[in-house]
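These are the residues of each chain, in order.
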Amino acid sequence: MKVLILNGSPHPQGNTAIGLREAESELNKAGIETEWITVGSQDIRGCIACGYCKTHGECVFHDIVNELAPKFEAADGLLVGTPVYYAQPNATILALLQRLFYSTPFEKRMKVGASVVCCRRGGASATFDALNKYFTISQMPVVSSQYWNSIHGRTPGEVAEDEEGKQTMRTLGRNMAFLMKSIALGKESMGLPEQEPRIATNFIR
């Protein structure tokens, strides 16, 4: 089994990375393979609603989003981390996730999703909520921990002093591994839940 890890911080070895690695260590202990990609410092533009992906199965901008698509499709889980900017995720990771989820036609349901948030003081809950939206609209089970998936620190390496935060990350990693394995067993014995044809209701007609 495999988890794709996306670090939305522009600092590859910063505080967000430390939090993600706490979770990753538990995934690896459970025999889960991980692939780590730092995206926070890359030049990733937002969606322009051109509709190209609907006819071509990929985004019109041939950048890291299209490179990540097959990796996401092959993965059993997605772990996303970001620092908090103005009580929101880093704009780069938002642009990536919006285009990645929208432009990819493959089924995402029952892939496992988890998010990690790093902040100095406030905004963690709002940022955490924003990341989870991508999972919940895609029928991806969201991994919980013993606290909201946040870790605190401002200066480089400061999150190493947040013992509760690090423990929350480790619990997240163990829970993610368990959930992925449980879903795999469920698929093997029962298959996926019945899927109805999609209904779209416009509020203004």
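Throughout, a residue's number is its position along its own chain's written sequence, starting from 1. In keeping with the model being predicted, local features are shown solely for residues with a pLDDT of at least 70 and side-chain atom pairs are shown and tallied solely at 80 or more, while totals for entire chains, interfaces and linings include all residues. For the side-chain quantities, the full set of heavy atoms in the structure was used; hydrogens and water were omitted.

Colleague: Would you mind going over the layout of surface pockets with me for this structure?
Modeller: Rolling a probe over the atoms, with the probe sized like a water molecule, indicates the empty space that remains. Approximately 600 Å³ is the volume found for the largest pocket. Of the two site types, the cavity is a set of points on a 1 Å grid over the protein atoms alone where a 1.4 Å probe fits but cannot get out, and the pocket is an open set with protein on both sides within 12 Å along at least five of seven lines, each lined by residues with an atom within 4 Å of a point. Together, 19 residues line the largest pocket, and F101, K108, I137, S138 and R198 are the ones closest to its centre. Numbering of helices and strands runs from the N terminus, with a helix taken as a DSSP run of H or I at least four residues long and a strand as a DSSP run of E at least two residues long. At the level of elements, α2 (52-56) and α4 (91-103) are the ones that each hand at least two residues to the lining of the largest pocket. For the lining of the largest pocket, the leading source of residues is α4, giving 3 residues. When residues are sorted by character, Ala, Val, Leu, Ile, Met, Phe, Trp, Tyr, Cys and Pro go into the nonpolar class, Asp, Glu, Lys and Arg into the charged class, and all the rest, Gly among them, into the polar class. When grouped by side-chain class, the residues that make up the lining of the largest pocket number 8 nonpolar, 5 polar and 6 charged. Empty space within the second largest pocket amounts to approximately 300 Å³. Grid points are joined across faces, edges and corners, and a volume is the space filled by probe spheres set on the points.

Colleague: I'm lost on the packing of helix α3 (residues 64-74) against α4 in this one. Help?
Modeller: For any two helices packed against each other, the geometry is given by the interaxial angle and the distance between the axes. Relative orientation of the contacting elements α3 and α4 amounts to 55°, with a least axis distance of 10 Å. If you check the angle between α3 and α4, you find them oblique. Here α3 and α4 pass one another in a crossing that is right-handed. Contacts between α3 and α4 involve I64, V65, L68, A69 and F72 from the former and L96, R99, L100, F101 and S103 from the latter. Residue classes in the contact of α3 with α4 are distributed as 8 nonpolar, 1 polar and 1 charged. Between N-to-C directions, angles cover 0 to 180 degrees, with each direction set by a line fitted to C-alpha atoms, over the stretch in contact for helices. If an angle is under 35 degrees, it is roughly parallel; if it is over 145, roughly antiparallel; if it lies from 65 to 115, roughly perpendicular; otherwise it is oblique. In this scheme the handedness of a crossing depends on how the near helix is turned from the far one: anticlockwise by less than a right angle means left-handed, clockwise means right-handed. Two residues qualify as a contact provided that any one of their heavy atoms is within 4.5 Å of a heavy atom in the partner residue.

Colleague: Could you clarify how one ought to interpret the packing of aromatic side chains in this entry?
Modeller: Aromatic ring pairs: the centre-centre distance and the angle between the two ring planes describe each pair. Put simply, two rings from Phe, Tyr or Trp (the six-membered ring, in Trp's case) pair if the centres are within 6.5 Å, and we call them stacked under 30 degrees between planes, edge-to-face over 60, tilted for the rest. Summed over the entire model, instances satisfying the criterion amount to 4 aromatic pairs. Ring geometry for F72 and F106: centres 5.4 Å apart, planes at 80°, overall edge-to-face. Of the two residues, F72 is situated in helix α3 and F106 in the loop between α4 and β5 (112-119); the sequence distance between them amounts to 34 residues. Working definition: with a 1.4 Å probe on protein chains only, accessible area under 20% of the residue-type maximum means buried, over 50% means exposed, and in between means partly exposed. Look at F72 and you get buried, because its relative accessible area is 0%. Aromatic pair F101 and Y134: ring centres 5.6 Å apart, planes at 45°, arrangement tilted. One end of the pair, F101, is in helix α4; the other, Y134, is in helix α5 (residues 124-136), and 33 residues separate them in sequence. Across this residue pair, the class does not change: F101 and Y134 are buried. Put simply, the rings of F72, F101, F106 and Y134 pair up and form one aromatic cluster. Whether a charge lies above a ring is judged from NZ of Lys or CZ of Arg, which has to be within 6 Å of the ring centre and within 35 degrees of the ring normal. The ring of W36 has R21 lying over it, and the distance from NZ or CZ to the ring centre is 3.9 Å. Across the ring face of F106, the terminal group of K108 is positioned such that the distance to the ring centre comes to 4.6 Å.

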